[in-house]
Amino acid sequence: MRGSVAVEMAAPPERVWALVSDVTRIGEFSPETFEAEWLDGATGPAPGARFRGHVRRNGRGPVYWTTCTVTRCEEQRDFAFSVGTAGKTINTWGYHLEPSGEGTEVTEWFELADNPLNRLYWRIAGRARGRTNEEGMRTTLERIKAVVEA
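Every value quoted in this text rests on a predicted model; they were computed, and no experiment measured them.

A. The sheet that holds strand S6 (residues 88-100), seen in detail. Reading across the sheet, the seven strands line up as S1-S7-S6-S5-S4-S3-S2 and stay open at both edges, with antiparallel pairing between neighbours. Taken across any chain shown, the strands that pair with only one partner, and hence form the sheet edges, are strand S1 (2-9) and strand S2 (33-38). Across this sheet, the average inter-strand angle for adjacent strands is 25°, counted without regard to direction. In this sheet, strand S5 (residues 78-85) lies alongside strand S4 (residues 63-74) in antiparallel orientation, the contact comprising six bridges. Considered in S5, the bridge of Thr 69 is made with Ser 82. The strands that helix H1 (residues 13-20) touches are S1, S4, S5, S6 and strand S7 (103-112); relative to S6, the one it contacts most, it runs at about 160°.

Pasting the structure below:
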C-alpha cells in the first residue's frame with residue numbers, strides 16, 4: 001500500500017526544495033491537485049502546518065478539497081504531509097531529496113494508512129490506483145525537473 005518514483009534533477013537541493021515544499025505551486029506540477037492553500041495563518045512549510053488541496057481525482061473527477069497536515073519538514077531533505085479527515089490519516093505523501101553529484105535525486109512517495117478500509121480498497125483497486133499514482137508522481141517530478149533545470 002505504498003509506492004515511489006525517483007528522478008535525477010540537475011539542480012541543487014535548495015532549488016528543488018523551494019518547489020516541493022511550496023504547496024501553493026502544486027497546481028503547476030501535479031496532474032490531480034490543481035491548487036492548494038495554507039490554512040490557519042500558515043505561510044510556508046513547518047511541522048503541523050495545515051493546508052488544503054483542490055483535487056481532480058485521476059485528472060478527470062470527482063473534484064473535492066482535502067485537508068493535509070505537514071508531518072515532516074527537514075529543509076532541503078524531507079517534506080511529507082498526511083491527508084485525512086476528523087483526525088484520521090488516509091494516506092501520506094512526501095518528497096525525499098538526496099544530493100547526487102552536481103544535482104539532486106528526488107523521490108516522491110505515498111503510503112496508505114494501514115486500516116481495514118484501505119486494505120480492502122487496495123485489494124480491489126490497488127493495481128490500477130498504484131499505476132495511476134506512479135504515473136502521477138512521475139509527471140509531477142518531470143514537471144518540477146523542467147522548472148529547476150530551466
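B. Geometry of the pairing of S5. In terms of burial, S5 is largely enclosed, as seven of its eight residues are buried. Pairing of S5 with S6, which is carried by eight bridges, proceeds in the antiparallel orientation. Bridging across to S6, Val 83 finds its partner in Asn 91. Between the end of S5 and the start of S6, which pair antiparallel, lie two residues, with Ala 86 showing a positive phi angle near 50°.

Conventions we followed
- Residues numbered from 1 in each chain as written.
- Predicted model: local features only at pLDDT ≥ 70, side-chain atom pairs only at ≥ 80, totals over all residues.
- Heavy atoms only, no water.
- Pairing = 2+ DSSP bridges.
- Helix = DSSP H or I, 4+ residues; strand = E, 2+ residues; numbered from the N terminus.
- Axes fitted to C-alpha atoms, helices over the stretch in contact; angles between N-to-C directions.
- Contact = heavy atoms within 4.5 Å.
- Buried < 20%, exposed > 50% of the residue type's maximum accessible area, 1.4 Å probe, protein only.

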